[in-house]
Each structure stands twice: as structure tokens, then as C-alpha cells.
Protein chains: 2
Amino acid sequence: MKYLLQDLKVRINEKIYIKDPESSALGKRIIEHSILMIQEVGFESFTFKKLGEKIGSNESSIYRYFENKHKLLLYLTSWYWGWLEYQLVFSTNSIANPEEKLKKAIEIITRSVKEDSSFSHINEVLLNKIVINEYSKSYLTKEVDEENKEGYFSIYKRLVMRLSDMIKEFDSQYQYSSSLSSTIIEGALHQHFLREHFPSLTDCNKNVTPTTYFMNLVFNSIKK
Amino acid sequence: MKYLLQDLKVRINEKIYIKDPESSALGKRIIEHSILMIQEVGFESFTFKKLGEKIGSNESSIYRYFENKHKLLLYLTSWYWGWLEYQLVFSTNSIANPEEKLKKAIEIITRSVKEDSSFSHINEVLLNKIVINEYSKSYLTKEVDEENKEGYFSIYKRLVMRLSDMIKEFDSQYQYSSSLSSTIIEGALHQHFLREHFPSLTDCNKNVTPTTYFMNLVFNSIKK
DNA sequence: CAAATTTAAAAGTAATACTATCAATTACTA
DNA sequence: TAGTAATTGATAGTATTACTTTTAAATTTG
């Protein structure tokens, strides 16, 4: 898997950035250290000025890559969903049995990332944490409809639909495959968050993972 | 119901505010118009300065009630959850049958608020929309653990636990009542949001409500 | 090697998120 | 009902954020 991903580039909507950060050393440094910094101080306290200082570069240089930090968040989270989508497709592609396939899909989507693997400048473990803590903020805005029209969320939407399709393939009678798919993807992030910060609101802990819970939920609720 | 709620005051953790907004006319105007304004411009663009202008009062006067807009959001959402909890308890209290009780609970928690009812200065319909769009932002912060310790989320937690208890009452064998409860409460907000902004990611629409979906999900997944 | 592009540095602007001071108003209390 | 306390409004001020602009130096590319 590692090897296969080596040269994969996640394709991000070009309107999200001004200049492709993958196209230069500075761009890659911006991505690398923005992940470290957002994880460290949180998205609210994160600024381009601080990031500039950290990477020994100037604020204005960063603005030539991203219009603002919201767009950078869109970039990072799009990258994450694209990376996850790749894993999903790669791992389920060869599975013919719909049940097995769906099981594998849920496993990949709900597990937490524990190994920083394939991309030199992108730490997927931290990026996973950023998605858990910050992804909602990228769409819970007044501009969501415009940005959706521009296609800023298309990778995420494609992922939800892929899982939805697998649910339908497993049980063509089930009526809520899209809602269930979006519930799993969003709900998994939420359960990971609760496990960390509100343990009394979840049954997930050291032993029980969100994967266990969602696997049980899905396979009990459909195809009875 | 309306009449019964008339004199109910939702009890909010005293550390959330500096001065109780229920204790003065100005305080009530702050609450009333902050709801209108946050709904109108979104939480990010909302400022105490703008609110002051709107209500013909001074920025600094608002700061005497709330430390910052984050605390105000905590106040508003706590109030909402407290109000919802009251409805839940009131409506399910007399139901003895665990299945019926749970059904009623899910209905109350997942429905959208369509009538501005009981409190003169609080518009519950708009507040419901604010909770859908902004609630996550109140806990997806670096300060969440401290604030949780201070009890800022206790009403919400109590609500999740109440629903969790009802699930357990209905099926004592089910192992994930807390996770399921938190999934329903958070997931309902999410499905309402998707219905509005990402219709392709949900099966909820004009006819199918989040209530329909969650009712199906819950009663198929437990007590088989 | 020259031209084009990219980056760094510095300075500037408007808005945000407050804090402090003081005077005017209102409320409460003896 | 006068006196005191509490509340509010007005003004001003600070530090930070979220940018934009300009210019010059460095780097890349053809």
C-alpha cells in the first residue's frame, strides 16, 4: 500500500488554492507546517503570520498560495478525504461479496489513522485529528451553498456516495442509504471526538472502537 | 404545553455569563437580538459591536453580560438543550411502555422546531436553526476539556444520557446505548443541515424527515 | 546569461476583540 | 425623599487579525 501510494497525487479543486502548494518547496512547507500548527494551537488561533514565522517565510508569501485560512482548511480536509477515498477504493475493489465489501468499507472509514505512511510532507495521523476537530467548521458557514456550487466539497460527497452505493448493493431494499452513509462518516468523527473529550457520551473506549459500534449498527439495521 | 412553560426558567450554569441576562431588560434584548443576528449573518460575522448598534446599546454594556461571543453561544445552546430536555421529560414522563416512550423521545429530539411558542424574547425556531448551524463550534475548541470540567455542557450531556437510559430501558441487552444516543442527537442536527445544503447526501427531504430515518434506524438496530 | 518568476521584507489599512475611564441614569435603601 | 449603589452609555485606547501593496532580492527557466 505504501509503495502504491508513493506517487499518487490527490487532485484538489483548483479554485481552492491560488497557487498549487504541491508545485514548490515553499508550498509543501506551508502544508506540512500548517498541519502541525493547526493541530497544536487549534484552527481559531492559527494565523498565516504565525505560520510564516514558524517556517521562516513571510505572511504575504503564504497569501499567494491561499486566499485565507478557511481555504487552506478546505484544502487540507479535501486532501484527507481524497486520501481516504483512495484507500477505500483500493481495499474494496477486489471484493465481490457485497457484505464483505461493505464491512471493509466501514472499517476503513471509521478507524483512526495510526500510522504516518505515504506522503513525505503530510502527516496523516495529525491530519486525521484535524479532520475530527475542525472539519465541521469548513461547511458550517454562511458561504456553504456558493462553495458547494464551486465544487469545494466534491471529494467528500463522492465518498459519501461510494459508501451509499455499497449499502445499496448489499441491501437494495434499504431506503436510507444516503442518510446512513452520511451518518457513518460524520458519526465516526463524532464518536472519535467523544471518546477523547466526553467519554460519558459514548461506549467507545480503549477496547470498543467506533468501528465496532458502527459495524453493529449497520448490520443490525439493514437487511433483516 | 405553552401555558405550562410560561414561567419556566431554563437554568444555565452561572459561570457561562457574567451577569444573568434574564435579570434585566437589556439582558433580554441581548438574548433576543443575538438570536436574530447570529441566524442572519452567521456566528463568524456576528460581533458585540454590531449587536450593540442593533439594540441601541453599547458594546461595553454587552461585555458586562458575556465575556465574549463564545460564551454567549454556550448560553444560547445550553438554553436550547434545556428547553428540549423539558419537552422530552414532559412528553415522555407519563408513558409507561418503553417502546412508546423511546419513540416519543426520538420524535421530539429529531423533529425540527416549527412554532415559536413559549418565551417572549426567545425565538425557538431560529434558535433551533442556530443549533443546527453553530452548535459544533461551541465544543470543537482547544478549551473543551476545561469548559467541560466547569460544567458548561452539562445540560447537553444530561439529555444524551436521558435518551441513552430510554434505549437501555427498551433493550437492556443493547451494548451501545450511549453511542447510539449521541449519534441520534448529533446526527439529527446533521441530517437537518444536509437536507438544507447537501440534499444528495441524505434521504431526508420534504416528505422524509430525520425522524422517519432515525426511527427506522433505531428500531431495526436494537432488540432483534 | 537574460528574462521571468518567486519570495522576503516592510509598511499600511480596516476590522476585531477586547479594556478602561468617566459621566449620566436608574434603582434601592435608610 | 435624599443618598448611595448599581447599571448603562459614550468615548477612547490597545493589541491582534486579516489582509493588501510595494519594492527589492533571490531563484528558476528558456
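An unreviewed UniProt entry lists chain A under the name TetR/AcrR family transcriptional regulator, with Aquimarina algiphila given as the organism.

Take the packing of aromatic side chains next. As enumerated under the stated definition, the model contains 38 aromatic pairs over all chains in all. Between A:Phe46 and A:Phe48, the aromatic rings sit 6.2 Å apart at their centres with planes inclined by 85 degrees, giving edge-to-face as the arrangement. In this pair, the class of A:Phe46 matches that of A:Phe48, namely buried. On the basis of an interplanar angle of 70 degrees and a centroid distance of 5.3 Å, the ring pair of B:Trp81 and B:Tyr135 is categorised as edge-to-face. On the criterion of sequence distance, the pair formed by B:Trp81 in helix H5 (residues 69–92) and B:Tyr135 in helix H7 (residues 124–139) is long-range, its members being 54 residues apart.

Of all residues adjacent to DNA strand D, which total 19 residues, the nearest are A:Glu59, A:Tyr63, A:Asn68, B:Ser57 and B:Arg64. For DNA strand D, the fraction of protein-proximal atoms (within 4 Å) that sit in sugar or phosphate groups is 54%. At a separation of 3.4 Å, a base nitrogen of DNA strand D approaches a polar side-chain atom of B:Asn58. Taken together, the elements giving at least two residues each to the surface near DNA strand D come down to helix H4 (59–63) of chain A together with helix H4 (59–63) of chain B. The dominant element in the surface near DNA strand D, judged by the number of residues it contributes, is H4(A), at three residues. Among the residues making up the surface near DNA strand D, the classes are represented as three nonpolar, nine polar and seven charged.

So, on to the nonpolar core. Within the largest apolar cluster, 148 residues are counted, with the highest numbers of intra-cluster contacts made by A:Trp81, A:Leu102, B:Trp81 and B:Leu102. Each residue touching B:Trp81, except ones within four places of it in the same chain, is listed here: B:Val131, B:Tyr135, B:Ile155, B:Tyr156, B:Leu159, B:Ile185 and B:Leu189.

Each copy superposes on the other: chain A lies on chain B with an RMSD of 0.0 Å after a rotation of 180 degrees and an axial shift of 0.0 Å. In symmetry terms, the pair is related by a two-fold rotation axis. Relative to the rotation axis, the C-alpha of A:Ser221 is the closest in chain A, positioned 2.0 Å from it. With an isologous cut-off of 70% or more, the 100% of interface residues of chain A that recur at the interface of chain B puts this contact in the isologous class.

About the cut-offs
- Residues numbered from 1 in each chain as written.
- Chains lettered and ligands numbered in written order.
- Predicted model: local features only at pLDDT ≥ 70, side-chain atom pairs only at ≥ 80, totals over all residues.
- Heavy atoms only, no water.
- Phe/Tyr/Trp six-rings, centres within 6.5 Å; stacked < 30°, edge-to-face > 60°.
- Buried < 20%, exposed > 50% of the residue type's maximum accessible area, 1.4 Å probe, protein only.
- Helix = DSSP H or I, 4+ residues; strand = E, 2+ residues; numbered from the N terminus.
- Near = heavy atom within 4 Å.
- Polar contact = N/O pair within 3.5 Å; in protein donor to acceptor, adjacent residues only side chain to side chain.
- Nonpolar A, V, L, I, M, F, W, Y, C, P; charged D, E, K, R; others polar.
- Core = buried A, V, L, I, M, F, W, Y, C linked by side-chain atoms within 4.5 Å.
- Contact = heavy atoms within 4.5 Å.
- Least-squares fit on C-alpha atoms with pLDDT ≥ 70 in both.

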